[in-house]
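Topology and contacts: notes
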2 protein chains.
Amino acid sequence: MRDSASRCLSRLRSRRVPAASFRFRGFRLRIENVVDINTRTGQAGHEVLAAVLQVRQGSLQVLLWQRALAPHSGRWSLPGGRLCADEDVEASIRRQLAEKVDVRQLAHVEQLAVFSAPDRVPGERVVATAFLGLVPCDNDPELPNDTSWYPVEALPDTAFDHEAIVLRARNRLRAKLSYTNLGFALAAPEFTVSALRELYSAALGYRVSATNLQRVLSRRGLLEPTGHTAPPGPSGGRPAALFRFTAGGILVTDPFAVLRPPGSARA
Amino acid sequence: MRDSASRCLSRLRSRRVPAASFRFRGFRLRIENVVDINTRTGQAGHEVLAAVLQVRQGSLQVLLWQRALAPHSGRWSLPGGRLCADEDVEASIRRQLAEKVDVRQLAHVEQLAVFSAPDRVPGERVVATAFLGLVPCDNDPELPNDTSWYPVEALPDTAFDHEAIVLRARNRLRAKLSYTNLGFALAAPEFTVSALRELYSAALGYRVSATNLQRVLSRRGLLEPTGHTAPPGPSGGRPAALFRFTAGGILVTDPFAVLRPPGSARA
DNA sequence: CCAAAAGTGTTCCGGATACACCCATGC
DNA sequence: GCATGGGTGTATCCGGAACACTTTTGG
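Reading the values: rules and limits
- Residues numbered from 1 in each chain as written.
- Chains lettered and ligands numbered in written order.
- Predicted model: local features only at pLDDT ≥ 70, side-chain atom pairs only at ≥ 80, totals over all residues.
- Heavy atoms only, no water.
- Buried < 20%, exposed > 50% of the residue type's maximum accessible area, 1.4 Å probe, protein only.
- Helix = DSSP H or I, 4+ residues; strand = E, 2+ residues; numbered from the N terminus.
- Arc of directions from axis to C-beta.
- Contact = heavy atoms within 4.5 Å.
- Polar contact = N/O pair within 3.5 Å; in protein donor to acceptor, adjacent residues only side chain to side chain.
- Pairing = 2+ DSSP bridges.
- Near = heavy atom within 4 Å.

1. Considering helix H3 (residues 89-97) of chain B
For H3 of chain B, the full list of buried residues reads Val89, Ser92, Ile93, Gln96 and Leu97 of chain B. Angularly, the buried residues of H3 of chain B cover 125° about the axis, an arc narrow enough to put them on a single face. Considering only its buried residues, H3 of chain B is in contact with strand S7 (108-115) of chain A together with strand S3 (45-56), strand S6 (80-82), strand S7 (108-115) and strand S8 (126-134) of chain B. The backbone nitrogen of Glu90 of chain B has a side-chain oxygen 3.2 Å away, supplied by the residue at the start of H3 of chain B, namely Asp88 of chain B.

2. Looking at the sheet that holds strand S12 (residues 240-245) of chain B
In sheet architecture, strand pairing relies on hydrogen bonds along the backbone and comes in two forms, parallel and antiparallel. All names here are of chain B. Reading across the sheet, the three strands line up as S10-S12-S11 and stay open at both edges, with antiparallel pairing between neighbours. Each having just a single partner strand, strand S10 (191-192) and strand S11 (223-230) make up the two edges of the open sheet. Here S11 runs beside S12; their pairing, made up of five bridges, is antiparallel. Bridge pairing in S12 links Leu223 to Phe245.

3. What to know about the protein's contact with DNA strand C
Looking at DNA strand C, there are 29 residues lining it, with Arg220 of chain A together with Ser194, Arg215, Ala241 and Val258 of chain B nearest. Backbone sugar and phosphate groups make up 68% of those atoms of DNA strand C lying within 4 Å of the protein. In this structure, a phosphate oxygen belonging to DNA strand C sits 3.2 Å away from a side-chain N or O atom of Arg219 of chain A. Pro234 of chain A places a main-chain nitrogen or oxygen 3.4 Å from a sugar or linking oxygen of DNA strand C. For the surface near DNA strand C, the elements supplying multiple residues, two or more each, are helix H6 (210-219) of chain A together with helix H5 (193-204), helix H6 (210-219) and S12 of chain B. At five residues, the largest contribution of residues to the surface near DNA strand C is made by H6 of chain A.

Note that every value here comes from positions in space, so none of it alone points to a role or purpose.
See the structure below:
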């Protein structure tokens, strides 16, 4: 009985039906307006959404899927879905992204913020926890038909408040590229400095000098040479040395912008 | 009828009773296990919590209230409560804090993160959006009997995951003092540089030099003299000039730690 | 005059940028 | 040799830290 009641509730919540009923000990029990009761008691659905970013063809792009059904049919929205009972928000977004992107391809996932305007989606009230996800540039996941990459600077018609989430993700990435080693999550395991320069330029939106990039990252101990070299291009040129990031996880390298504790030389 | 049903639901949800019933057209309807159904459908309660910080008596302190009832009776927890239907999370935390602190005394409120471990609180699953709140040091709000300030470095027995939230709030404040003007939310409208130094020292946990503090904040255009002076102490000394922050809201003053756009002198 | 507290001048240093120069390869 | 792309050496700049010194008050 409990299962059929659950089914009723979830059909009602997804607004597929106006009311639902089920049988119980000979009675036919009809449920309606469960949404309304939930709303009155402050009960709200919770979803997780991710802006998954990758540098593709020289620009920072985000993974979107096109809605086939109302509301906002035809518009593009972020991957994600309902939070389930036995998972926290990060486990939830990783599970839901697994349908779009192989989990191993997600080099970094972090919380952005909660989006909770009461009318952010039509119908039942839904609070969203938004995430930033990063995919290294050497991956090209197989995507479902309704899903594709779009440049962050040229988004299609987006659904709900998803554009704001994408912009928030881009800004977070840009900030953290400066004071952490987050570049590791955009780059392949081995890369040339000029390839890395392309990634940083695309993500930051301005030209980054390869010279200074290498210097800054090396000085901080984030970069180490692998000993290998990449072959030169068709027009010649010195073969480029290959590097890798020394750490696999995120590290804050520049914690004190100013007002550092006495005696601490910067990093 | 809907109202009595709502009341039943909310009594059940708060775990005050194991079951509740109400009358409807001559029938006595009994509700139980509503929590269980909600859990199975992924429905979760949502609460907002704030670590409200203030520098008091030379140390960074946080506002806590002592739980009188189970669960975690006697332990100290953060102010907050359920998200209501017509408000977003920030409006909600401001409303709930108004019962403890006059809203005008809250100089700054910002989201920290979502805490969502399925077992973070016993009973019904509750997802929490955590906030940082800051109260300038010239306010001393009247507090309810069960509520008081505790130094962040010497917390009492805390409930649930609230200690982690307090530490997260402290770390956020420390970081933002470095690269924003967030000091305005700790300071009185007018202050001497040495008073400001005390605030920064307490918040950061290490001795800050008044000389450099004034220099850094002035160079960034965050501080301006009011023209007034404070009288010297009983043992004499030169009277201190009074300053104020030029901006009332938060400003990021040091956006690029490194890899700044070409040609941009820092700030 | 002396002590105390506030404020300023000066030096030093490290990290980041900018740019010139050297290196290794294909043609 | 020469064009092309990669890597390094070096000068410069700027902001912050440290510390000495001056200023203004009370006793």
